[in-house]
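Residue-level structural notes
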Amino acid sequence: MSGETEIAARVAEAKQAAEAKKGGAGQTGKAKRKRARPFPFKVEDGQVWRKVETEGQDGTTGARWVAFGSEVNILARTRTTEGEDHGRLLEVVDGDGVRHSWAMPAALLAGTGETIRAELLRLGFMPVPSAGRKWRDWLFEYLISAEPEARARCVSSIGWHGAAYVFPDETISAVASTDLVLLQSGEKLEHALNVAGTLDDWRSTVAALALGNSRLVLALSAAFAAPLLALTGEDGGGFHFRGGSSTGKSTALAVAGSVWGGGGMRGYVQSWRTTDNALEALAAMHKDACLCLDELSQVESKAAGAAAYMLGNGVGKARAGREGQARKSHEWRLLFLSSGEMGLADKIRESGGRIAAGMEVRVIDLRGDAGAALGLFEDIHGAANAAIFAQSLKAAVGRSYGTPARAFLRQIVADPAAAQDGIAKLRRGFVEAALPPSADGQVRRVADRFALVAAAGEIASSLGITGWPEGTAAEAVLRCFRDYLSERGGSGAGEVADARARIRQAVEVDGHSRFVSWQPDSRRAVITKALGYVQRDDNEMSDAPPVFYLHASGMRELLAGLDLKSVLEALADLGVIVRHEAVQKGAKVRVLYKLFRVPSEKTPLRLYQLNHAALMGEEGGPDA
Ligand SMILES: Nc1ncnc2c1ncn2[C@@H]1O[C@H](COP(=O)(O)OP(=O)(O)OP(=O)(O)O)[C@@H](O)[C@H]1O
Ligand SMILES: [Mg+2]
């Protein structure tokens, strides 16, 4: 931890107040006045003492003080904003004189107190041997009878709580805020929001190497964008880097993760390989932060779809408590970065899963390869090769991490309104520069996601966190956005491009196996699961293209998961589906399908007719 944290400062304050009132730790003047019986505990000489009544041989009563354990101070009462989940803020001083604070949920007092004793011992509390077994009862009594005057608001998750941003060991809030906010939990939280090295180290060994590398700058900027989602009030989402093995994907995630934390065996980056429940807990643990999920290949495609949806959606499954009562489900808003050899969308489709249009806007697939023959990288800053560059980056993020997010948030918290203005302005500028005038709504929304990331990177730079020159983040993110657009094949709605690709693939791959010949054909193969019909010119010399027809169920199968009606209309606008004249209710209309007499069938059939050139052609073909 760098410097004195706010909690530590407040703890010191509370203690001073308590001492000033000479009530002993956990006992204030006011509480003492209220109480008829005197408070039989005191903290002195690094120990907690219990006053014990004694009876002399002559029948006179007296009292003596017995020490039963090492120093534990009861600093504040804690509760949530709703006035629930009451507890106590405790401070344990361990054998090395290090002070540990723990927000103890009062609910733990319901049992025998074993959990409390175990946690206090874990933090360094030591009973005094001469107190024998009495220390347990006395400790329990001490905890329930102390009435500290100081109040703190406790929360059960990290991230934003009002104007304060809560880390497991530190709360970042503007000086003016009144209530101390802290994380309260029954057990130790598994998290990697650790800090190592100084911000200067990080800036010169990590951020500096990202310069000139659009993907790394994007990844870092996205890490800073995560806590800004709450400020702009928008949904969570993510970016997925797709690319071959050993191209620097995991390295990019580790670089982004270093903004937030690291350490332990595995560092900050998590694996896609988790159960739903574990992923939910992970998401909750990364609320308002950046979650890095590596190696998409380790999860099944079905699970990947559900997971991506869940991460973007921001709420976990409804859960039942032990008695079957409804428990609050996990909630989060986060930005995730992911990597895999396959695109996330392709992965989801692999199992026939569908991508809701809303998700396509929030979870963005990006080609990892930056096109400089260096994998994800473009500038390796003089390293002998890209592999060595990747290794040195990984080593650097193993040494310095966690400081950037905290330094960033300290400044955001000090003036959130300025941050909001800055984001809005930078975003507008980005979207103006990035969007072709013809862009449709979906592309606009994707551009806006990239814009938030660009703005976050620029703000982090202007606050002196990254050390990058002005414009670096915006330029790099713009570069990534352009790559994204060019891959997407123009800026028509993604669903339409997707639909066309699926039909094209069916015609190319299954043109012979799943389309029944238009003319009766004695040699024709048995076709199962037909999608429709194909009319081919019998003349071997003819180069007239075949005409494909799809029946409604074939079309539905191919376009599963898409909004059929609007996609079909859009395909007809592109000329891929041929419109026909028809008369409905006495008026002439143009319809998408009609009744055809297929020579090889007895009854007329309702079919969609495809325009082969438009389907196969570049960008909508001749009719587009
Ligand atoms: N752009 C690159 N060009 C060549 N080698 C690289 C590149 N990036 C990384 N490597 C090598 O691959 C190793 C692993 O890097 P990293 O974990 O970032 O790759 P990855 O893209 O995640 O690969 P995988 O798909 O196998 O997980 C590095 O230690 C380095 O030796
Ligand atoms: Mg990897």
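Located above this text is the structure these notes cover.
Keep in mind that what you see is a predicted model, and the values were worked out from it rather than measured.

Take the overall build of the chain next. Scanning the chain for helices and strands turns up 21 helices and 25 strands. Looking at the chain as a whole, 43% of its 624 residues are labelled buried. Partitioning the contacts of the chain with sequence separation of at least 6, the portion at a separation of at least 24 is 67%.

What follows deals with the sheet that holds strand S19 (residues 515-517). Spatially, the 5 strands line up as an open sheet ordered S19-S20-S21-S25-S24, and their pairing is mixed. Either end of the sheet is taken by a strand with one partner, and the two such strands are S19 and strand S24 (593-596). Ignoring which end each strand starts from, the neighbouring axes of this sheet average 40° apart. Where S24 and strand S25 (residues 605-609) come together, 4 bridges link them in antiparallel fashion. In the strand pairing of S25, Tyr593 is matched with Tyr608.

The subject of this paragraph is the site of ligand 1. The environment of ligand 1 is made up of 16 residues, and the closest members are Gly248, Ser250, Thr251, Gly375 and Ala386. Of all elements in the fold, only helix H8 (249-257) and helix H13 (386-399) reach the threshold of two or more residues within the shell around ligand 1. With 4 residues, H13 is the largest single contributor of residues to the shell around ligand 1. Grouping the amino acids of the shell around ligand 1 by side-chain chemistry returns 6 nonpolar, 8 polar and 2 charged.

Let us look at unusual backbone geometry. Residue Ser246 is not a glycine yet carries a positive backbone phi of 50°. Tracing the backbone shows Ser246 in the loop between strand S12 (237-242) and H8. Phi angles above zero are rare outside glycine, and His381 is one such case at about 50°. Along the chain, His381 falls in the loop between strand S18 (363-367) and H13. Its 14 C-beta neighbours within 10 Å are what place His381 among the partly exposed residues.

Right, let's talk about the packing of helix H6 (residues 214-225) against H8 for a bit. Across the interface, H6 lies against H8 with an axial gap of 8 Å and an inter-helix angle of 35°. The two elements H6 and H8 meet at a crossing, and its hand is right-handed. Across the interface between the two elements, Arg215, Leu216, Ala219, Leu220, Ala222 and Ala223 from H6 touch Ala252, Val255 and Ala256 from H8. Classifying every residue of the contact of H6 with H8 gives 8 nonpolar, no polar and 1 charged.

Looking now at the environment of Gly243. Here Gly243 is to be found in the loop between S12 and H8. Spatially, the C-alpha atom of Gly243 lies 6.3 Å from that of Arg367, the residues being 124 residues apart in sequence. Not counting the four nearest positions on each side in its chain, Gly243 is found in contact with Lys249, Glu341, Arg367, Gly368, Asp369, Gly375 and Leu376.

Okay, the nonpolar core next. The biggest cluster of nonpolar side chains holds 144 residues, and the ones touching the most others in it are Leu220, Ala222, Val255, Ala256, Cys290, Ala454 and Val477. It is helix H16 (residues 441-462) that provides the largest number of residues to this core, a total of 12 residues. Mapping this core onto the domain boundaries places at least three of its residues in each of domain 1 (6-75 + 83-152) and domain 2 (199-319 + 326-488). Those residues within four positions of Val477 in sequence are excluded, and the remaining contacts are Leu218, Ser221, Phe450, Val453, Ala454 and Gly457. Tyr549, Leu607, Leu610 and Ala614 belong to the second-largest nonpolar core, a separate cluster that totals 29 residues.

Hydrogen bonding along the main chain pairs the strands of a sheet, whether they run parallel or antiparallel. In spatial order, the strands read S8-S9-S10; together these 3 strands make up an open sheet with antiparallel pairing. The strands lining the two open edges of the sheet, one partner per strand, are strand S8 (159-161) and strand S10 (170-172). Sheet twist, expressed as the average angle between the axes of neighbouring strands with direction ignored, equals 30°. Sheet strands in contact with helix H14 (residues 403-414) are strand S9 (164-167) and S10, and its direction is about 40° off that of S10.

Burial of the side chains of S9 extends over both faces: Ala164 and Val166 are buried on one face and Tyr165 and Phe167 on the other. Here 3 bridges tie S8 to S9, and the two strands are oriented antiparallel to one another. Pairing of Trp160 across the sheet is with Tyr165, part of S9. The hairpin formed by S8 and S9 contains 2 residues between the paired strands, and Gly162 there has a positive phi angle of roughly 60°.

Once that is clear, we can look at helix H10 (residues 301-313). The end-to-end C-alpha separation of H10 is 18 Å, in line with the 18 Å expected for 13 residues at 1.5 Å each. For H10, every residue scored as buried is listed here: Ala304, Gly305, Ala307, Ala308, Leu311 and Gly312. Directly after H10, the chain includes Gly314, whose backbone phi takes a positive value near 90°.

Let's shift gears to the environment of Ala226. Residue position: Ala226 is located in the loop between H6 and helix H7 (228-232). Of the residues examined, Ala226 has 29 C-beta atoms within 10 Å and is grouped as buried. Separated by 107 residues in sequence, Ala226 and Arg333 place their C-alpha atoms 8.2 Å apart.

Quick look at the packing of helix H15 (residues 416-434) against H16 now. Two elements in contact, H15 and H16, have axes whose closest approach is 8 Å; the angle formed by their N-to-C orientations is 125°. Classed by the angle they form, the pair H15 and H16 counts as oblique. Note on packing geometry: the crossing formed by H15 with H16 is right-handed. Across from Ala419, Gly422, Ile423, Leu426, Arg427, Phe430, Val431 and Ala434 in H15, the residues of H16 making contact are Ala447, Asp448, Phe450, Ala451, Leu452, Ala454, Ala455, Glu458 and Ile459. For the contact of H15 with H16, a count of residues per class yields 13 nonpolar, 1 polar and 3 charged.

Quick notes on the rules
Residues numbered from 1 in each chain as written. Chains lettered and ligands numbered in written order. Predicted model: local features only at pLDDT ≥ 70, side-chain atom pairs only at ≥ 80, totals over all residues. Helix = DSSP H or I, 4+ residues; strand = E, 2+ residues; numbered from the N terminus. Buried ≥ 20, exposed ≤ 12 C-beta atoms within 10 Å, placed from the backbone. Contact = placed C-beta atoms within 7 Å. Pairing = 2+ DSSP bridges. Axes fitted to C-alpha atoms, helices over the stretch in contact; angles between N-to-C directions. Near = placed C-beta within 6 Å. Nonpolar A, V, L, I, M, F, W, Y, C, P; charged D, E, K, R; others polar. Left-handed = near helix turned anticlockwise from the far one by under 90°. Core = buried A, V, L, I, M, F, W, Y, C linked by C-beta atoms within 7 Å. Domains from an automatic or database assignment. Expected span 1.5 Å × (residues − 1). Parallel < 35°, antiparallel > 145°, perpendicular 65-115°, else oblique.

In short, geometric facts, not functional conclusions.
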